[in-house]
Amino acid sequence: MSHPSVSRIGRTLAGITAVTACSAGLLSATAPAAADPSRTPAARAASGYPNLAPTPPMGWNNWSYYQCGGLNEQVVLDNARALVRSGLAHKGYRTVTVDDCWMTKQRGPKGELVTDTAKFPHGMAHLGQELHKMGLKFGIYEDVGTLTCGKFPGSFGHFAQDAKLFASWGVDYLKADGCNVPVPKGQTKEQVYHDLYAQQSRALRATGRPITFSISAPAYFQFAGDAVWHRVIEWSAQLGNLWRGGADIAVQQSTPAAKWKSIEGNFRYNANLADLQRPGRWNDPDFLLVGDAGLGRNEMQSQMSLWAMMAAPLISSTDLGKLSPEALAILGNRELIAVDQDPLGVQGHIVQQDGDAAVLAKPLHNGDRAVALFNGGSTTRTLSISAGAAGLPAAPAYRLRDLVTGRTVRTARTIIARDVPPHATVVYRVRPER
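Residues numbered from 1 in each chain as written. Predicted model: local features only at pLDDT ≥ 70, side-chain atom pairs only at ≥ 80, totals over all residues. Heavy atoms only, no water.

- Going by an unreviewed UniProt entry, the protein chain carries the name Alpha-galactosidase and comes from Streptomyces lunalinharesii.
- Recorded under Sequence similarities (unreviewed entry), the UniProt text for the protein chain is reproduced unchanged: "Belongs to the glycosyl hydrolase 27 family."
- Regarding the protein chain, the UniProt comment filed under Catalytic activity (unreviewed entry) reads as follows: "Hydrolysis of terminal, non-reducing alpha-D-galactose residues in alpha-D-galactosides, including galactose oligosaccharides, galactomannans and galactolipids." (UniProt positions renumbered as here; feature names shortened; annotations may be inferred.)

1. Re helix H10 (residues 297–309)
Line of reasoning, step 1. Taking 1.5 Å per residue, 13 residues should reach 18 Å; H10 reaches 18 Å between its end C-alpha atoms and fits that length.
Line of reasoning, step 2. Most of H10 is tucked away: 11 of the 13 residues are buried.
Line of reasoning, step 3. Within the sequence span of H10, burial applies to Glu299, Met300, Gln301, Ser302, Gln303, Met304, Ser305, Leu306, Trp307, Ala308 and Met309.
Line of reasoning, step 4. Immediately downstream of H10, the backbone of alanine 311 shows phi near 50°, a positive value. (Helix = DSSP H or I, 4+ residues; strand = E, 2+ residues; numbered from the N terminus. Expected span 1.5 Å × (residues − 1). Buried < 20%, exposed > 50% of the residue type's maximum accessible area, 1.4 Å probe, protein only.)

2. Topic: the packing of helix H4 (residues 73–86) against helix H5 (residues 123–133)
Line of reasoning, step 1. Remark: H4 packs on H5, axes separated minimally by 11 Å, with the N-to-C direction vectors making an angle of 10°. Classed by the angle they form, the pair H4 and H5 counts as roughly parallel. The residues of H5 that touch H4, namely those facing Glu73, Val76, Leu77 and Ala80, are Gly123, His126, Leu127, Glu130 and Leu131.
Line of reasoning, step 2. Considering only residue class, the contact of H4 with H5 consists of 5 nonpolar, 2 polar and 2 charged. (Axes fitted to C-alpha atoms, helices over the stretch in contact; angles between N-to-C directions. Parallel < 35°, antiparallel > 145°, perpendicular 65-115°, else oblique. Contact = heavy atoms within 4.5 Å. Nonpolar A, V, L, I, M, F, W, Y, C, P; charged D, E, K, R; others polar.)

3. Quick notes on unusual backbone geometry
Line of reasoning, step 1. At lysine 151, a position not held by glycine, the phi torsion is positive, near 75°.
Line of reasoning, step 2. A relative accessible area of 37% places lysine 151 in the partly exposed class.
Line of reasoning, step 3. One non-glycine residue, asparagine 180, lies in the positive phi region at around 55°.
Line of reasoning, step 4. The residue asparagine 180 is located in the loop between strand S4 (173–177) and helix H7 (189–206) in this model.

4. Re the state of the cysteines
Line of reasoning, step 1. Per the stated rule, a full pass over the model turns up 2 disulfides.
Line of reasoning, step 2. Put simply, cysteine 68 and cysteine 101 are joined by a disulfide, and their sulfur atoms are 1.7 Å apart. In this pair, cysteine 68 is assigned in the loop between helix H3 (63–66) and H4 and cysteine 101 in the loop between strand S2 (95–98) and H5, connecting sequence segments 33 residues apart.
Line of reasoning, step 3. By relative accessible area, cysteine 101 is classed as buried at 0%.
Line of reasoning, step 4. Disulfide partner of cysteine 149: cysteine 179, at an S-S distance of 2.1 Å. A torsion of 95° about the S-S bond marks the disulfide between cysteine 149 and cysteine 179 as right-handed. (Disulfide = S-S within 2.5 Å.)

5. With respect to the pattern of salt bridges
Line of reasoning, step 1. All chains considered together, the criterion is met by 17 salt bridges.
Line of reasoning, step 2. Residue glutamate 335 is joined to arginine 401 by a salt bridge in which the shortest nitrogen-to-oxygen separation is 2.7 Å. Linking glutamate 335 in helix H12 (residues 334–340) with arginine 401 in strand S13 (residues 397–402), this pair joins segments that are 66 residues apart in sequence.
Line of reasoning, step 3. Between arginine 431 and aspartate 368 there is a salt bridge, and its shortest N-O distance comes to 2.7 Å. Of this pair, arginine 431 sits in strand S16 (residues 424–433) while aspartate 368 sits in the loop between strand S10 (357–363) and strand S11 (369–375), placing them 63 residues apart in sequence.
Line of reasoning, step 4. One network of salt bridges, in which partners are shared, links Arg244, Asp248 and Asp286. (Salt bridge = Lys/Arg side-chain N within 4 Å of Asp/Glu carboxyl O.)

6. Quick word on the nonpolar core
A general tendency of soluble globular proteins is for nonpolar side chains to be buried together.
Line of reasoning, step 1. Membership of the largest hydrophobic core comes to 110 residues, with the highest contact counts inside it found for Tyr93, Trp102, Tyr197 and Trp307.
Line of reasoning, step 2. Ranked by the residues each element gives to this core, the list is headed by H7, at 7 residues.
Line of reasoning, step 3. If near-sequence neighbours (up to four positions away) are discounted, tryptophan 102 is found in contact with Leu71, Leu113, Thr115, Asp116, Phe120, Met124, Ile140, Tyr141, Phe166 and Trp169.
Line of reasoning, step 4. Within the second largest apolar cluster, 19 residues are counted, among which are Val359, Val371, Ala390 and Tyr428. (Core = buried A, V, L, I, M, F, W, Y, C linked by side-chain atoms within 4.5 Å.)

7. Thoughts on H5
Line of reasoning, step 1. When H5 is considered as a whole, its buried residues turn out to be Gly123, Met124, Leu127, Gly128, Glu130 and Leu131.
Line of reasoning, step 2. Against H4, S2 and strand S3 (137–143) lie the buried residues of H5.

8. Considerations on the packing of aromatic side chains
Line of reasoning, step 1. Per the stated rule, a full pass over the model turns up 13 aromatic pairs.
Line of reasoning, step 2. Ring geometry for tyrosine 49 versus phenylalanine 213: centroids 5.9 Å apart, planes at 50°, classification tilted. Pair noted here: tyrosine 49 is in the loop between helix H2 (41–46) and strand S1 (58–61) and phenylalanine 213 is in strand S5 (residues 212–215), with a separation of 164 residues, a long-range link.
Line of reasoning, step 3. Tyrosine 49 gets classed as buried once you look at its relative accessible area, which sits at 4%.
Line of reasoning, step 4. When the ring of tyrosine 193 is compared with that of phenylalanine 221, the centres are 5.2 Å apart and the planes differ by 85°; the resulting orientation is edge-to-face. Taken together, the residues span a long stretch of sequence, with tyrosine 193 in helix H7 and phenylalanine 221 in the loop between S5 and helix H8 (226–239) at a distance of 28 residues.
Line of reasoning, step 5. Note on phenylalanine 221: relative accessible area 3%, which makes it buried. (Phe/Tyr/Trp six-rings, centres within 6.5 Å; stacked < 30°, edge-to-face > 60°.)

Right, dumping it as structure tokens:
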């Protein structure tokens, strides 16, 4: 892309005024007439999208680190091998997704998508086979609009054809973006987005192949007002397994300050969507930047900790072959991964805020509770919360296990994290003692 550091959302509706008569006819023939798209027959028919992600997806995507210019078969396979070699795949990071720019600018003679063989000389079916041989899953990117964000062919008007092609390649995961969506006169943006994502959802189901469906629609309504934004999230949860909720995470070329601001910003908006998530249907605040240049240990640890507390997809987007031992330990922290992947499937809620500091609490399936104390400020702070305010039942004492250091302490009633550095997060697994 010409400006890879700019969020795709800023380019969402490029070319929107150039809607052709054919496009208008297609949309007007299929768009729901009701004011609330989630109440239409099409929505109800698609509400049973298979539960293909009972826990938040984990894996790797090239976008944030490599964007279009650095994408090729070797990069994808090298990072896939690094997942396996490092032990991250064994810990759950198994879906390897190729993002935008993998195809040519024109469809083939039968309207089919064409792989860019300069980037993927052996084709996408071969790539999928190689990933599957490693015990990994194969993810791919498309767009419900006329063009992808990088101006490659979108699936608009080709949903069934593209879904069949992906299934034939062995695709296990589809990330469907929402750039370049034409909105005909007389229809609302939400109606059109809902209809197009419903078409994609039905097309994936019709293939008979289990393809985890990641929807980007809510990201294009983040600033449309909470009522609309939340409604789009609600119907996204009917049509797919997870959804991008808002702004893109920063890319590799961004400054260290911009990367941290992006991590904190995505945490803040996603944490407030906790009531819209449910087990098997996940809010996605975008990629993990753990391992990126410019981020300090505390900042990397905070992103991993906060994403785990929010039951967010753990999708790395960095050069895994260059991970420092420190970054590898953060990504591979089994106890934090267990919090993220907890079978209860609850997103942690913010239970206390004090300026730049926040405390999140998350119930776990065995009766424990994860509690994260986050210092988003610029000075060291001691953070605390009472056991009751964190949602814990009354007990004579509580056992606190620090999920980063491994140290365990007991407390009578107050959960305390002393001298928390700027941009750092302390996560405890708390168990009442009887």
